[in-house]
Structure formats: C-alpha cells, structure tokens
Amino acid sequence: MDNSPRPVGSVERVEGQEPWDRWWYYLTPSPVHRRLGLACLAVGTQRGRLPVVGPRTLDHHVALIVLSGRGWFSWGGRQPVDVAAPVLLWLLSGIEHNYGPYEQGWSEAFADFSGPAVAVYDELGYFDPDNPVVPLSSAEPAHLVVKKMAAACHRGGPHMEVEASAAVHELLVTLHRSRADYDPHGNPVLQSLARDACLPLSVPEHARRLSMRVAELRDAVRRSAGCSPKEYLLRIRLNQAKELLASTDLGVAAVARRVGYDDPGYFTRLFTRRVGVAPSVFREQRSWGPAGR
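An account of the accompanying structure is given in this report. What you see is a predicted model, and the numbers here were worked out from it, not measured in a lab.

**Some thoughts on the packing of aromatic side chains**
Considering all chains together, one arrives at 13 aromatic pairs under this definition. Centre to centre, the rings of W24 and Y26 are 6.0 Å apart; their planes meet at 80 degrees, and the pair counts as edge-to-face. Arranged with centres 5.9 Å apart and planes meeting at 50 degrees, the rings of Y261 and Y266 form a pair that is tilted. A relative accessible area of 40% places Y266 in the partly exposed class. A connected cluster of aromatic rings, assembled from ring pairs, spans Y261, Y266, F267, F271 and F282. Lying across the ring of W24, R22 places its NZ or CZ 4.2 Å from the centre. Between the NZ or CZ atom of R237 and the centre of the ring of Y261, over which it lies, the distance is 4.7 Å.

**Overview of the nonpolar core**
Ranked by internal contacts, the top residues of the largest apolar core, which has 34 residues, are I65, W90, F113, F127, M149, L171 and L175. Setting aside residues no more than four positions away along its own chain, W90 makes contact with V62, A63, F73, F113, Y126, F127, P132, V134, L172 and L175. Membership of the second largest hydrophobic core comes to 16 residues, among which are V66, F73, L89 and Y99.

**A word on helix α8 (residues 229-247)**
Its 19 residues give α8 an end-to-end C-alpha distance of 27 Å, which sits within 8% of 27 Å, the value for a rise of 1.5 Å per residue. For α8, every residue scored as buried is listed here: P229, Y232, L233, L234, I236, R237, L238, A241, L244, L245 and A246. Buried positions along α8 lie against α5 (188-196), α6 (203-209), α7 (214-225), α9 (252-258), α10 (264-275) and α11 (279-286).

**Some thoughts on the packing of α5 against α7**
Two numbers describe how α5 lies on α7: the axes approach to 9 Å, and their chain directions differ by 100 degrees. Put simply, α5 runs roughly perpendicular to α7. Between α5 and α7, the contacting residues are V189, L190 and L193 on the first element and L217, V221, S224 and A225 on the second. A class-by-class count of the residues in the contact of α5 with α7 yields six nonpolar, one polar and no charged.

What counts, and where the lines are drawn
Residues numbered from 1 in each chain as written. Predicted model: local features only at pLDDT ≥ 70, side-chain atom pairs only at ≥ 80, totals over all residues. Heavy atoms only, no water. Phe/Tyr/Trp six-rings, centres within 6.5 Å; stacked < 30°, edge-to-face > 60°. Buried < 20%, exposed > 50% of the residue type's maximum accessible area, 1.4 Å probe, protein only. Lys NZ or Arg CZ within 6 Å of the ring centre and 35° of its normal. Core = buried A, V, L, I, M, F, W, Y, C linked by side-chain atoms within 4.5 Å. Contact = heavy atoms within 4.5 Å. Helix = DSSP H or I, 4+ residues; strand = E, 2+ residues; numbered from the N terminus. Expected span 1.5 Å × (residues − 1). Axes fitted to C-alpha atoms, helices over the stretch in contact; angles between N-to-C directions. Parallel < 35°, antiparallel > 145°, perpendicular 65-115°, else oblique. Nonpolar A, V, L, I, M, F, W, Y, C, P; charged D, E, K, R; others polar.

On their own, these measurements won't tell you what the molecule is for.
Spelled out as structure tokens, the structure:
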C-alpha cells in the first residue's frame, strides 16, 4: 500500500484570468519529529496570476521565495512595498502580512516550518522582523532545496519527516548564503577578528585596531555572527586550542599561550567549562597522533 503524501492541487482557474499551476505537500510531524528542532509543515511551488494572500497572521514561519516576476508585500500594518525576483519574503509567526503579484503574475516556492530551533536561528540573525524582504543574488540554490524537500515528500515512508526537517535546516543556511549582500569571501570585520583572535587583545583594543567604537563592533559582529565579539573570539580560540591538543604534543601551558592565555590555570578552567572536559582529557580522546589512533 502506498502511503506517500500526494501533492495538493495541480491547476486552478480563477474566473476571468489564466489558470495558475501549483503543487503543495502538507506534513503533520509527530512530537518526536518536532524534537529534531525544526519541523517541515508544508512545501510547494506556485506560478501564474495568483490571488492576493491576507491580511493574515500565522503561528509558524514561512520562507516564501519569489523565483520570477514582481509584486508587493506588506507586514505589521506597514504600507506595501514593491518586490521583484529573486527575493525572499519572511512570513514570520505572529506578524500580520499581506502580499500578491502584479497583473503579470509571478512564480514562487515556499516552505512552512516551526520548532524550538527557530528561536536559535532568530538569535543568530537569520530572521529580522523589521526587514523581512531579503533580495537574493539567486533563487536557484534555495529552489533546489525546496525540490529536495518535495522529493522526500513524494517518496514518503517512515523517514519522510526526518528528511524534510533536515532540508529545512539546509534551506535556512542556503537562503542566508544567497542574500544579495552576502560576501562569499567573508565579512572583513570577522576576518580581522579571526586573524587576530589569539593575540592578547581586549575587545576595546580590537575595536581600536578596526577604527570602530566598541558599540559599532558589537553591532557588526552580532549582525554577521549572531553573538558578541567576546563570544566570537572565544570560539575561535577554543577551536584553535582543540586543534593543537589533538594534533601536536605541546603542553597545556604552551597551548594556552598559543591561543592568547598567559595563565594556564585560567585556560584549563575556561576550556573545561565550555568543552565539558579538561584539555588533557580532550587530548586523550581526540589525539590524531599514533597514540590516539
């Protein structure tokens, strides 16, 4: 017996207009699937002279990707703004929205999702309630992920919700990288911090080296990395310390100095608190040398 979900709709006709084409899949993830962090609730594509949506308010998030065409979008009671493909429209939970294509119609792909990981992506800066219209350099990478989600739904089976959930994570990362303002070579502020992370410099000293006020540096890092400069520097230092512990025979004190800590005791306490094991234990567990193989 085939239990695969079937796409909802194929061709709809609006009186006085050309038909529009659409397919949708709806999913009802179980409580266990929701514990994966993100759950896919729906996925689909539509094209043509689509009807106006809203005003409405949802209890989950939707990534609406306009693949081709032009239209308008309003959110939170604001005046409508023009949108043109390729563009991402965030339909965020709890925020009223209203949108539609112009007379010529448009083509769109969408994915509905919810789950506890939404709050994490929000903290990392993937959603901005004040700026839900995100121009894209290309919609094709995200469209390919939507197609992957659709393929999982079409196959069905016991792993469908898991595959769709994994693809939602992939979709969010892909959309973030597809932003028109995304620099594939990296943010110069983050690059500078990463280059100098292991120098014994405070955050104000890093800001002075970048000719920035501390508040400016804090805002720039939070927008790009979703954390404070101190946290960003700490993660780089700990990653470097792990690599040195796993791949060299340097003592813990030498490793501490390499990553910017003159006090090996403080470094050991910090490493243990953040990693969960002491540096010496991490080395025993992860060493790449002959003794650790």
